Structure formats: structure tokens, C-alpha cells
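# Structure assessment
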Amino acid sequence: MGQLVVTQNCTLDGVIEALDGWFDPQGDDEDTSDVLAVIQQQMAAQTGFLLGRRTFEDMRGLWPAQTDTTGITRHLDEVRKYVVSRTLTDPGWENTRVLPGDPVEEVRVLRASHDGEVGVTGSITLCHALIRGGLVDEFRLLVHPRVLGRGRRLFPDGVDVRLRRVGAEEFRAGITLLTYRPTVG
């Protein structure tokens, strides 16, 4: 059975929506090579990558055209991608399968049939559905030293998720990686 791992960049106040350019991995002047090294390790462990349609289309429009010095483009081209969408029929990106049904049921079947780690990033609406459905095995939050005061957050209103911290790592640019797993009961 696969493990579903949600990795998100977020502000101190929990915002994951990239408003006003608060999170711009291409334009950051800070030395984030230590963050990149951890992301590369996490990518190497992924056997699948799950996205909602909007995030998939954004990534499909950006990453395949990048000159890659980080390994991210190569990983995204090679990894098995799953996109949850009721409207997308031709994904237009190699190694991609469209999951057209109910997101929770589609991902439940995917987890049961997939070996290894399936990563999820961005895809706020999909993440909300997966959290409500109790399907996330681990949360990896790259917390940036910024408070935005507005924007969509990872955890939807009204959801009570109990978590156990299993890791914390600080980086030079002030970013902290916090890793949590849901507790049982």
C-alpha cells in the first residue's frame, strides 16, 4: 500500500496559497541550497506524484520547459503523475494518468494499489478533500518566515486533525521543515 505525503510551502500563519509572490522559488535571493537538497531527497523517494487539475496545468506549463540544474524537471518528467480531474481528458505530459472520479475514492484506490510514496503539493482543493477523507499519511510543511494574514490554508475550516511531530529541520534562509503524521483516534 502506498503512503500519501503532502508537502507544502506555507507561511507562519498557515497560508499555502501563493498570493502576491510570497513564495517564489525562482526569484528568491536567499541561499536555499540546503532546502533544495532535502527536496531532492524527498523526490528520490517518490514513486508517484498526485495533483489537482489547476496545479497540474500550472506545473505542466512551467517545468518541462525549464533548463534543469536541480533535477526537478527530470524528476517531474519521469515520475508517474496522477491528476484528479473531471474535465481533463488528454494530460499532455508524459507518464500522466487522469483520475476522473470522486477524488477521495480515486485516491483511496490509488493508495491501495500503488507501492511507495505518492507526493502531493499545491492542489489546495484536492488537499482539503484528502484531509477530510483521512487519506494523508504524512504532512511536510516548509514554513517560511512570513505572515500573510489572508489566503487559503492547508487545513480546511471545521476539520480537527490530531498530529504527531516526527521531524523538524531548520535551514539557513529561516525556513523550517516540520513533519507530522496523523495520530490514530
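First, a word on scope: everything that follows refers to the structure included in this document. In this text the structure is predicted, and so the values were computed from the model without any measurement. (Residues numbered from 1 in each chain as written. Predicted model: local features only at pLDDT ≥ 70, side-chain atom pairs only at ≥ 80, totals over all residues. Heavy atoms only, no water.)

### Examining the nonpolar core
Rule in force here: By nonpolar core is meant a set of buried Ala, Val, Leu, Ile, Met, Phe, Trp, Tyr and Cys residues that side-chain atoms within 4.5 Å join together. Per-residue accessibility, obtained with a 1.4 Å probe over protein chains only, is compared with the maximum for each type, and a residue is labelled buried under 20%, exposed over 50%, and partly exposed between these values. Helix and strand definitions here come from DSSP, where helices need a minimum of 4 consecutive H or I residues and strands a minimum of 2 consecutive E residues; each element is numbered from the N-terminal end. In this analysis, two residues are considered to be in contact whenever any of their non-hydrogen atoms come within 4.5 Å of each other.
One finds L4, L50, L130 and L154 to be the most contacted residues of the largest nonpolar core, which totals 25 residues. Contributions of two or more residues to this core are made by β1 (3-11), β3 (80-84), α4 (103-113), β5 (117-120), α5 (124-132) and β6 (138-144). At six residues, α5 tops the list of elements feeding residues into this core. Look past the residues within four positions of L130 in its chain and what remains in contact with it is L4, L50, V107, V120, L135 and V136. Within the second largest apolar cluster, 13 residues are counted, among which are M59, I72, V79 and L88.

### Re the pairing of strand β7 (residues 163-170)
Looking along a regular strand, one sees the side chains alternate between the two faces of the sheet. Applied cut-off: Following DSSP output, two strands are said to pair if at least two bridges run between them.
Sheet analysis places β7 next to strand β8 (residues 176-182), joined by seven bridges and oriented antiparallel. Its bridge partner lying in β8, G167 is registered against T179. The antiparallel hairpin formed by β7 and β8 contains five residues in its connecting segment, where G174 sits at a positive phi of about 90 degrees.

### Regarding the side chain of Q46
If you trace the backbone, Q46 turns up in strand β2 (residues 46-52). Overall, the relative accessible area of 15% leaves Q46 in the buried class. If near-sequence neighbours (up to four positions away) are discounted, Q46 is found in contact with H75, V79, E117 and G119.

### Some remarks on α4
Selection rule: An arc is given here, and it is the one of the directions from the helix axis to the C-beta atoms.
Listed as buried for α4 are V104, E106, V107, L110 and R111. Across the axial projection of α4, the buried residues extend over an arc of 160 degrees, all falling on one side. Away from the buried face of α4 by more than 90 degrees, exposed residues V109, A112 and S113 are located. Summarising the contacts, the buried residues of α4 are in contact with β1, β2, β3, β4 (96-99), β5 and α5.

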